[in-house]
Amino acid sequence: MMKMIMIVAAIGHIICGITDCMMAYTKSGRFEFSDAKDNSKMQKVFSTMPLKQLEAAMLVGVFSLFMSSFGYIALSQYILKSNAIVGNIMLVAAMFFMVLISAHHVLCGSVEWFYVKLGMKEESLKAVMDFFKSNSVAAVAYVGLLVFVILFFIMVVTGNTSLPRWACIFNTLPAFLLLAPTKVPAKGNIANAFMFIGLAFLV
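Each value, and the rule that gives it
Residues numbered from 1 in each chain as written. Predicted model: local features only at pLDDT ≥ 70, side-chain atom pairs only at ≥ 80, totals over all residues. Heavy atoms only, no water. Patch = residues over 30% accessible without salt bridge, like charges linked within 9 Å, V, L, I, M, F, W, Y side chains within 5 Å. Areas by Shrake-Rupley, 256 points an atom, 1.4 Å probe, with all protein chains shown as cover. Salt bridge = Lys/Arg side-chain N within 4 Å of Asp/Glu carboxyl O. Helix = DSSP H or I, 4+ residues; strand = E, 2+ residues; numbered from the N terminus. Buried < 20%, exposed > 50% of the residue type's maximum accessible area, 1.4 Å probe, protein only. Core = buried A, V, L, I, M, F, W, Y, C linked by side-chain atoms within 4.5 Å. Axes fitted to C-alpha atoms, helices over the stretch in contact; angles between N-to-C directions. Parallel < 35°, antiparallel > 145°, perpendicular 65-115°, else oblique. Contact = heavy atoms within 4.5 Å. Nonpolar A, V, L, I, M, F, W, Y, C, P; charged D, E, K, R; others polar. Left-handed = near helix turned anticlockwise from the far one by under 90°. Phe/Tyr/Trp six-rings, centres within 6.5 Å; stacked < 30°, edge-to-face > 60°. Lys, Arg positive; Asp, Glu negative; His and termini not counted.

A cluster of nonpolar side chains, contributed by I85, I89, F96, V137, V140, V143 and V147, occupies part of the molecular surface with about 600 Å² of accessible area. Listing elements by their share of the nonpolar patch, those giving two or more residues are α4 (84-117) and α6 (141-157). Counting residues per element, the nonpolar patch draws most heavily on α4, which supplies 3 residues. As for its position among the elements, I89 is in helix α4.

Spelled out as structure tokens, the structure:
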């Protein structure tokens, strides 16, 4: 059962990564957050962005995160057997991450949707960016993920689980640090999927 949950969680993050790409890529190029400072760059990228693509990215993305949530809950329960305090902290951190990251995912998609819907004008960009900035607090979701993966890394590397110590490499944190300098899209989802795929072979 645990192995299946890890696989489902990995698939969830892979799908979520695809939806991230659906929001970032169009036939006209790739959206970079720095483009938001220049409406001409935004217009160029989003001129070929179908609204239905953004709608699908938001809905499928939230469902995929729901799939992944089972993996975080399962790992929290797994650690709970070794250390009740750490396991419960991981569970709270995971739920904090999943709820807020789902909101953040929809927020990012909504900003792009309204920008396109409102005609991609200068005032449209200002309006959606003001909306994004006023609701960007949802990005603190990553604090929850950071707490989760650090605690999980410590528990494995210190031998406080039934996993071999070297299994600590199957963790979002080291995977993300390796991907961070690259231009690979959806780095977070790739790193999270890596963790769950690796653990699927060990649990």
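Next comes the rest of the description.
Below, the discussion takes up the pattern of salt bridges. Counted under the stated rule, the structure contains 2 salt bridges. E32 is paired through a salt bridge with R30; the nearest N and O atoms lie 3.5 Å apart. You can call R30 partly exposed: its relative accessible area is 27%. A salt bridge links D130 to K126; the nearest nitrogen and oxygen atoms lie 3.1 Å apart. Of this pair, D130 and K126 are both found in helix α5 (residues 122-135), 4 residues apart, which corresponds to roughly one turn of the helix. Judged by its relative accessible area of 38%, D130 falls in the partly exposed class.

Another point: the nonpolar core. One broad rule of soluble globular proteins: the nonpolar side chains tend to lie buried together. With 33 residues, the main nonpolar core has Y72, L75, F148, F152, M195, F196 and L199 as its most contacted residues. Of all elements in the fold, only α1 (2-24), α3 (51-80), α4, α6 and α8 (187-200) reach the threshold of two or more residues within this core. Broken down by element, this core gets its largest block of residues, 8 residues, from α6. Counting 20 residues, the second-largest nonpolar core is a separate cluster that includes A36, L107, W113 and L125.

As a further point, take the packing of helix α2 (residues 39-46) against α4. Running from amino to carboxyl end, α2 crosses α4 at an angle of 95°, the nearest separation of the two axes being 11 Å. On the basis of the axis angle, α2 is roughly perpendicular to α4. Taken together, the residues of α4 that come into contact with α2 (itself represented by N39, M42, Q43 and F46) are E112, Y115 and V116. Of the residues contributing to the contact of α2 with α4, the split by class is 4 nonpolar, 2 polar and 1 charged.

Although it is not a glycine, M120 sits at a positive phi angle of roughly 55°. Relative to the assigned elements, M120 resides in the loop between α4 and α5. For A186, which is not a glycine, the phi torsion comes out positive at approximately 55°. By the element assignment, A186 lies in the loop between α7 (172-179) and α8.

Another aspect to go through is the packing of α1 against α4. Across the interface, α1 lies against α4 with an axial gap of 10 Å and an inter-helix angle of 20°. The angle between the axes of α1 and α4 places the two elements in the roughly parallel class. Seen along the crossing, α1 lies across α4 with a hand that is left-handed. Of the residues in α4, those in contact with C16, T19, D20 and M23 of α1 are H105, C108, G109 and E112. Its residues placed into classes, the contact of α1 with α4 shows 3 nonpolar, 3 polar and 2 charged.

Here we come to the packing of aromatic side chains. For any pair of aromatic rings, geometry is given as the distance between the ring centres together with the angle between the planes. In this structure the tally under the stated criterion is 12 aromatic pairs. Aromatic side chains F97 and Y142 sit 6.3 Å apart centroid to centroid with 50° between the ring planes, which places their arrangement in the tilted category. Taken as a pair, F97 in helix α4 and Y142 in helix α6 lie far apart in primary sequence, 45 residues in all. In this structure Y142 comes out as partly exposed when scored by relative accessible area, which is 47%.

What follows is about the side chain of E112. On the secondary structure map, E112 appears in helix α4. No salt bridge is formed by the buried E112. Its closest oppositely charged neighbour is R30, at 10 Å.

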